[in-house]
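Survey of secondary and tertiary structure
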Amino acid sequence: AQSVTQLDSHVSVSEGTPVLLRCNYSSSYSPSLFWYVQHPNKGLQLLLKYTSAATLVKGINGFEAEFKKSETSFHLTKPSAHMSDAAEYFCVVSDIWRALTFGSGTRLQVQP
Amino acid sequence: EAGVTQFPSHSVIEKGQTVTLRCDPISGHDNLYWYRRVMGKEIKFLLHFVKESKQDESGMPNNRFLAERTGGTYSTLKVQPAELEDSGVYFCASSQDSGRLYEQYFGPGTRLTVT
């Protein structure tokens, strides 16, 4: 069985400051891990994915995440938040088959 | 290239009525998935088609839900009869192949409200 825990339901940062969205996972297999973002009234968009290659994964819009097997973590970071980053972010794990398991989501608020 | 499309974007129905949601995957994607997010909960997997065959329907909540993918192109998800707890956002996704290496592309979702 696999599961994902997003440690913060809401995160608020000021524009220009770093972003950290935390995610811990549990999986019986070597997982693939993803971060998806959903802007208001939009579909889910893939930010980045880890599939057992480099542990530091770079995604779109300046986001990156580091896979740490020893800590079973896959935290999402960005050096400098932009107003357009305000959205809901989902950490997702995929097992050897295909169904995705989603975390509960973290709503990111960016203050001017 | 067109993305995954879903219709309708919103649907409001009364308890006991029937609703049919439609998903058009990206052209050439054999794999099609349905997920839903009930208010305040996580996005949950419902089922997975490979072409017209149901590969995994372990997430379907009960027999009031019927999914079809005739011809292996678009898919429909019918809820009959709808209950209040069926309210939520229903997402469709498609991928070129199955397996954890392949990105699933999501549609914008259908927001279903049962009153």
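Up top you'll find the structure we're talking about.
Here's a quick rundown of the structure. Small disclaimer: the values here were computed from a predicted structure and weren't measured.

1. Quick notes on the overall build of chain A
- Broken down by element type, chain A carries 0 helices and 12 strands.
- Listing each helix as α and each strand as β along chain A from the N terminus yields β-β-β-β-β-β-β-β-β-β-β-β.
- Against the 2.2 N^0.38 benchmark of 13 Å for 112 residues, chain A shows a C-alpha radius of gyration of 13 Å, consistent with a compact globule.
- In terms of its C-alpha atoms, chain A occupies a principal-axis envelope of roughly 40 × 25 × 20 Å.
- Expressed as a percentage of its 112 residues, the buried residues of chain A come to 46%.
- Of the contacts made within chain A by residues no fewer than 6 positions apart, 56% connect residues no fewer than 24 positions apart.
- As displayed, chain A offers around 5,300 Å² of accessible surface, 51% of which is attributable to carbon and sulfur atoms.
- Side chains of chain A carry 9 positive and 8 negative charges; the gap between the two charge centres is 6 Å.

2. Looking at the state of the cysteines
- A complete count under the given rule lists 2 disulfides over all chains for this structure.
- In this model, A:Cys23 is linked to A:Cys91 through a disulfide, with the two sulfur atoms separated by 2.0 Å. Taking the sign of the S-S torsion, about -70° here, the bridge from A:Cys23 to A:Cys91 comes out left-handed. Highlighted residues: A:Cys23 in strand 4 (residues 23-26) and A:Cys91 in strand 10 (residues 87-94), separated in sequence by 68 residues.
- Bridging B:Cys23 to B:Cys92, the disulfide has an S-S length of 1.8 Å. Taking the torsion about the S-S bond as the criterion, the B:Cys23 to B:Cys92 disulfide, at about -65°, is left-handed. Here B:Cys23 is found in strand 3 (residues 19-24), whereas its partner B:Cys92 is found in strand 9 (residues 88-95), with 69 residues between them in sequence. Of the two residues examined, B:Cys23 and B:Cys92, each falls in the buried class.

Calculation notes
- Residues numbered from 1 in each chain as written.
- Chains lettered and ligands numbered in written order.
- Predicted model: local features only at pLDDT ≥ 70, side-chain atom pairs only at ≥ 80, totals over all residues.
- Heavy atoms only, no water.
- Helix = DSSP H or I, 4+ residues; strand = E, 2+ residues; numbered from the N terminus.
- Rg over C-alpha atoms; globule rule 2.2 N^0.38 Å.
- Buried < 20%, exposed > 50% of the residue type's maximum accessible area, 1.4 Å probe, protein only.
- Contact = heavy atoms within 4.5 Å.
- Areas by Shrake-Rupley, 256 points an atom, 1.4 Å probe, with all protein chains shown as cover.
- Lys, Arg positive; Asp, Glu negative; His and termini not counted.
- Charge placed at Lys NZ, Arg CZ, Asp CG, Glu CD.
- Disulfide = S-S within 2.5 Å.

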